[in-house]
Amino acid sequence: MKLRFLIFLIVSVALAFLLAKHDVTHVGIETSRYSTVESVLERGTFAIDDSFFTTPDKAERNGHFYGDKPPLVTFCAIALGRVLKCFGVRYLDGDYFRAVYLTGVFVFVISCLTGWFVYLGLRRRPRMPEGYRIAMSVLSVASTLVLSYAVTLNNHTPCAAALMGLILLLERGEETGMTRLRAFLAGIMTGLILNLEFVAGGVLGIAVFVFMLTAISPRRIENALMYAAGAGLMILLEAGMNMMSYGSPLPLYFFTHKPAFTEKNYLTYAFNILFGFEGFFLYMPALLFAGFACASERMRRDRVFMYMMISTVAAIILFAVGTSDYGGWCYGYRFLIPFAPVLLYYAAVYFGRPRPRLKRWHVFRLALVWGVLFSVVGVMNPWNAGYEGSSTPQNALPNHFKNGFLANAFVFCWQTLPHSALTQFFMDSVYGREYAMLYLMMELNNRNDHAGLRRVMEQVRDMEEATNTGQGNASGGTPE
């Protein structure tokens, strides 16, 4: 086991150094956190008024602006930044690339713990080939959007790792008995998830508390109280971080992000976040095979499985009802990312049984390959410019760019093979040349790709000159 973990760690670190981003996009999810990190490390204040990271995701309090993101990830990045500062790596204007890169490396390795926890869970399942366990643990990252987002500073992929850790803890409790220590640690894990994702943490907090109370154990009341104590400790931790940041225990996120109940067609929105242009299952169709696990009587006897499936469905409903922006500028519907490895884990358990049905198994493998393709394309930029639902003005350019996969693929084709038939197909047949050129300018600016931005602006000028020349010839003028 120790050797396997060492191999896992080496591979994760190697991939982290290969894939982590060196720069920050203009999207508020990144800049809000980095502006706070830079302000604390370089000026000793949580106020981001003077940060060179400009962000739309902020809130004003007592005459100063503060980043509005849940604080745990930011505090961890600050702690890492202090360590890096001891080695001369600083968040200074124009010289922050190494700090951003090394922070991304750290986040990537933490995110890869998702795969390790999946492997440990599958090891508990009898008569399952070892190669299959390893493959599915790798695919729990590589075939989900965990891979896409792990290359940047974010809260979704660490939350995925925490959620798989919680499942592992509950499964061991069911197998060998839920002790008071395990119940307390389950509370810590659930509180950690709450610190990372409010909706996921809230749903799981209630579900696991009921899980403790309904256990067939004479210590279930004690375990439920120990669980509540662990979760409460993590809630106090978040309140303390908020107090340290801006003097209030309440998250600023609650003031800047409110549920959206009247700004959308519920059925259309739900379809698009699950199967449509930002579709959770469009990007990761292998997750749908967890439905076969739900239909399995053998799987339904697993209490942990049932509570996790109910929690996943509850989170999907809450996000479908309470959001309207498709997650903002992002690749796929990012809010549900923590649940992606959970669904794939249970699909892997279902297909890991002896003699799975061949037709389902072959389709499942194709779906896994599909997920790898979509996840790799997401690595190019998980925070890509695009449609934001009710937040996008009616005639704005992002209305024409709703699918993150196509947008990332188009930018990649233009950057690598600008004159290829595929690039021209994107420009002429998918988006239209004018919209395509404008989007390239928007997205390359978002990525801080200044060289690419100059190239596309030159192409725009050439197009304008050609158009003006054509108009001059049509009116009888003589081109110079």
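Definitions and limits used
- Residues numbered from 1 in each chain as written.
- Predicted model: local features only at pLDDT ≥ 70, side-chain atom pairs only at ≥ 80, totals over all residues.
- Heavy atoms only, no water.
- Helix = DSSP H or I, 4+ residues; strand = E, 2+ residues; numbered from the N terminus.
- Rg over C-alpha atoms; globule rule 2.2 N^0.38 Å.
- Buried < 20%, exposed > 50% of the residue type's maximum accessible area, 1.4 Å probe, protein only.
- Contact = heavy atoms within 4.5 Å.
- Areas by Shrake-Rupley, 256 points an atom, 1.4 Å probe, with all protein chains shown as cover.
- Lys, Arg positive; Asp, Glu negative; His and termini not counted.
- Charge placed at Lys NZ, Arg CZ, Asp CG, Glu CD.
- Pairing = 2+ DSSP bridges.
- Disulfide = S-S within 2.5 Å.
- Salt bridge = Lys/Arg side-chain N within 4 Å of Asp/Glu carboxyl O.

Asks: Account for the overall build of the protein chain, naming residues and giving values.
Replies: For the protein chain, the count of helices and strands is 22 helices and two strands. Since a compact globule built from 480 residues should have a radius of gyration of about 23 Å, the 24 Å found for the protein chain is in line with a globular shape. When the backbone C-alpha atoms are referred to their principal axes, the protein chain occupies close to 95 × 60 × 50 Å. Expressed as a percentage of its 480 residues, the buried residues of the protein chain come to 55%. Considering only contacts in the protein chain between residues 6 or more positions apart, those separated by 24 or more positions represent 73%. Accessible surface, the protein chain as shown: approximately 21,700 Å² in total, 65% of it carbon and sulfur. Averaged over its 41 positive side-chain charges, the protein chain has a centre that lies 17 Å from the centre of its 33 negative ones.

Asks: Can you lay out the pairing of strand β1 (residues 58-61) for me, pointing to particular residues and giving the numbers?
Replies: Where β1 lies against strand β2 (residues 64-67), four bridges are found, and the strand directions are antiparallel. The residue bridging Glu60 from the neighbouring strand is Phe65, located in β2. In textbook terms, the turn of a hairpin is the stretch between consecutive antiparallel strands, and for β1 and β2 this stretch comprises two residues, one of which, Asn62, has a positive phi near 55°.

Asks: For the state of the cysteines, give the residues involved together with the corresponding values.
Replies: In this structure the tally under the stated criterion is zero disulfides. Of the cysteine sulfurs around Cys86, a residue in no disulfide, the closest is that of Cys76, at 17 Å.

Asks: Could you give an account of the side chain of Ser140, naming the residues involved and the relevant values?
Replies: Assignment of secondary structure puts Ser140 in helix α5 (residues 130-142). For Ser140, the residues in contact, after removing those within four places along its chain, are Thr114, Gly115, Val118, Val146, Pro341 and Leu344.

Asks: I'd like a description of the pattern of salt bridges, backed by residues and values.
Replies: A side chain of one charge can pair with a side chain of the opposite charge if their charged atoms are brought near each other. Using the criterion set out here, one finds 14 salt bridges in the structure. When the shortest N-O distance is used, the salt bridge between Arg90 and Glu42 registers 2.7 Å. Here Glu42 lies in helix α2 (residues 28-43) and Arg90 lies in the loop between α3 (71-86) and α4 (97-123), a separation of 48 residues in the sequence. By relative accessible area, Arg90 is classed as partly exposed at 32%.

Asks: A description of unusual backbone geometry should follow, citing residues and the corresponding values.
Replies: When glycine is set aside, most residues are seen to have a negative phi, and most peptide bonds are trans. With a phi close to 55°, Asn62 is a non-glycine residue in the positive phi region. Tracing the chain through its elements places Asn62 in the loop between β1 and β2. What makes Asn62 exposed here is its relative accessible area of 66%. Despite not being glycine, Arg127 shows a phi value in the positive range, around 55°. Mapped onto the elements, Arg127 comes out in the loop between α4 and α5. The exposure class assigned to Arg127 is exposed, which follows from its relative accessible area of 70%.

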